[in-house]
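A closer look at the structure
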Amino acid sequence: MSYSDTTRSPVPLSETRSPMPLLFRRHSSGEIRNIASVSSSILPAFGTVIGENSIKLKRFVIAPYDRRYRLWQTFLVVLVVYSAWSSPFELAFKNAATGGLLPVDLVVDAFFAIDIILTFFVAYLDKSTYLLVEEHNKIAFRYISHLWFPMDVASTLPFQTINRIVTGKMNRGPVFGFLNLLRLWRLRRVSEFFSRLEKDTRFSYFWTRYCKLICVTLFAVHSAGCFYFWLATRYHNSEDTWIGKNIPDFKTKSIWQGYTYSMYWSITTLATVGYGDLYAVNTEEKVFTIFYMLFNIGLTAYLIGNMTNLIVHTAVRTFAMRDAINKILSYTSKNRIPEGLKEQMLAHLTLKFKTAELQQEQVLEDLPKAIRSGISKHLFRTTLENTYLFKGVSEDFIIQLVSEIKAEYFPPKVDIVIQNEIPTDFYIVVSGAVDVITYKNGTEQFLSKLGSQEMFGDIGVIFNIPQPFTVRSKRLSQVVRISHHHFKQLVQPLKEDGKIILANFVQHLKGLKMEELAEMPLVSEFLDDLDSEEATVIEAGTQDQAGEAQQENIIPTTTPVLSNTLPTRVIIHGYHPDNRRTNKGGNAGKLIHLPDSVEDLLSIAETKFGKRGTIIVMADGSQVEDLAALREDDHLYIF
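The shown structure was predicted, so the numbers you read here are calculated from the model rather than taken from an experiment.

Parameters at a glance
Residues numbered from 1 in each chain as written. Predicted model: local features only at pLDDT ≥ 70, side-chain atom pairs only at ≥ 80, totals over all residues. Heavy atoms only, no water. Helix = DSSP H or I, 4+ residues; strand = E, 2+ residues; numbered from the N terminus. Buried < 20%, exposed > 50% of the residue type's maximum accessible area, 1.4 Å probe, protein only. Contact = heavy atoms within 4.5 Å. Areas by Shrake-Rupley, 256 points an atom, 1.4 Å probe, with all protein chains shown as cover. Salt bridge = Lys/Arg side-chain N within 4 Å of Asp/Glu carboxyl O. pLDDT = per-residue confidence, 0-100. Pairing = 2+ DSSP bridges. Axes fitted to C-alpha atoms, helices over the stretch in contact; angles between N-to-C directions. 1 Å grid on protein atoms, 1.4 Å probe; cavity = no way out; pocket = protein on both sides within 12 Å on 5 of 7 lines; lining within 4 Å. Points joined across faces, edges and corners; volume = space filled by probe spheres on them.

Next up on the list: the overall build of the protein chain. Check the secondary structure of the protein chain and you find 25 helices and 15 strands. Sorting the 639 residues of the protein chain into buried and exposed places 45% on the buried side. For the protein chain, the proportion of contacts with a sequence separation of at least 24, taken over those separated by at least 6, is 71%. For the protein chain, the accessible area works out to roughly 34,000 Å², and carbon and sulfur atoms hold 58% of it.

Glancing now at the pattern of salt bridges. Following the criterion strictly, the structure yields 19 salt bridges and no others. For the salt bridge of Lys327 with Asp323, the shortest nitrogen-to-oxygen distance reads 3.6 Å. Of this pair, Lys327 and Asp323 both sit in helix α13 (residues 283–334), four residues apart, roughly one helical turn. The class of Asp323 is partly exposed, set by a relative accessible area of 40%. Here Glu395 ties to Arg381 by a salt bridge, and the two come within 3.1 Å at their closest N and O atoms. Of this pair, Glu395 sits in helix α17 (residues 395–402) while Arg381 sits in helix α16 (residues 369–386); the two residues are 14 residues apart in sequence, bridging distant segments of the chain. Counted as one network, the salt bridges with shared partners bring together Glu90, Asp105, Asp109, Arg183 and Arg186.

For the rest of this paragraph, the subject is the confidence of the model for the protein chain. Looking at the protein chain as a whole, the pLDDT averages 77, with 79% of positions reaching at least 70. Within the model, the stretch residues 1–42 combines pLDDT values under 50 with 147 contacts to residues more than four positions away or in other chains. Confidence drops under pLDDT 50 across residues 44–55; counting only partners more than four residues distant or on other chains, this segment forms 19 contacts.

Once that is clear, we can look at the sheet that holds strand β10 (residues 470–473). One key point about sheets: their strands pair by backbone hydrogen bonds, in either a parallel or an antiparallel sense. Across the sheet, four strands lie side by side as β5-β10-β7-β8; this open sheet has antiparallel pairing. Every interior strand has two partners, whereas the edge strands, β5 (415–417) and β8 (443–450), have only one. Going across the sheet, the axis of each strand differs from the next one's by a mean of 35 degrees, ignoring polarity. With two bridges joining them, β5 and β10 adopt antiparallel strand pairing. The residue bridging Asp415 from the neighbouring strand is Arg472, located in β10.

Roughly 540 Å³ of internal volume is contained in the second largest pocket. What lines the second largest pocket is a set of 20 residues, among which Ala84, Leu187, Cys215, Val216 and Phe219 lie closest to the centre. When residues of the lining of the second largest pocket are assigned to their parent elements, the largest contribution, seven residues, is made by helix α11 (residues 205–234).

Here you go:
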């Protein structure tokens, strides 16, 4: 009985039970070590309750997925291979059936008789309830009432030996040769065996299919050659046969000589070579040859089709890449794209195909988020922790952030970030190197080089301004991309981590080169404001002896984008809203990031306009009492 036919699953209450607990916890039935090798027919249906308290299988009941039972089934496949060879061979060469092969046949039949007995104890899966049936009477009734049982018995009985016991003499008639062909019923086990191997990830799919095609071809050649020789042995005039023309009195010759000639004819006919030295002579042989050649047409088509699919499957990615490259070449030629851009397009496409299996997004796309997060944590956590912006942040923040990052590869000389583009992501270099470039008067100017665990694009994202620089890959580089949107969502509820990130960011800005700061007026202004605020707080500390405590809170007061309201920017004016016309052009508004308190806002306004205000109103004249009520780009008038 086949493995797939005998698979079964749990049954409710005490009679049947869910199979999955037994996949991992069995005391008497072995253990599944590779879930990829488990047939899908023994998996539980959706909604099946699986628990650790499942009852063990009944006594003398074998689980179909039991490791020892599966080894037994594999051993029987080896015996099936022998049966597939011996059955046609013994039909053609009668002496072999009653001679040296007879004891071997009896031993093989004995093993299959044992398997018939074992099948009465193998639980099965009820296809209507998807529960594992383990009641002996139900197992026996199902087996006996199906075609499997009579065919298993018929293919196992040693008819030649039974006849000899009953009649007392050996019968060499052709009827026993055809009864032996019933053993070919066992071939279904080989088909099921290869089906399992094709689904088992431990084995190469290509070589599994390749071996299967070879086995099919060898069996067809062997069977045709044996049957063709049998036609010659039973023909009334031995000399008027295909082999009799070449070997007179061939019936008395060696068995292996006849078998060699038979295989030679069968292979040359299958391969459509046809040397003409062996050919059909009488009518029966011609009829058989006609049907054999028609069969060969289908077999050849099957073999060529399967081999073509296997070979093309390994080259399909190459075909796709070459097709995409040809499209790029055609596009660049038609639109007269500069050579530099053309090379970038080709390099990016080539790298995309070469690293397709390494792209995190494609590999992890269908996996649950928990698994994706675990893999990303394993791959990129160290990189994130060593990046300047995230040093000192909590583990919870790192774990949440690492699950949102995307990994990418860039070939050499490709622009990853373009100057003045809208900031949507910032990047961390995992491996490789990139150049930071700015454009002045239409010419490129090199500013700096960034290597592993360094970050770029962060200034544009955090200040919410167009990217100040172009960043170009220097060599093959892997980077991880962090979305501005996801970054904001993570930082907002984590106030302490936001302060740490901001402190790291400010420290990084202070360490930038002067030529880099010169390209970012807003950043320079921010640092000037920060220095002014520090001086103000220190001066206040000499008056109220609380300078140290206030100085520790300087950075959160001037948050660029990382405050709790991430980000809120407002425009402040140093006059009453009714005086807008008279002050137009004389006292322009200042774009600032909203601080945490009204007092801090008044201090910033004093620094900007040189006078201390006491009242804050909106453009419509309504007075501001709670900064939390303000929105992005509101105009505030302080006087």
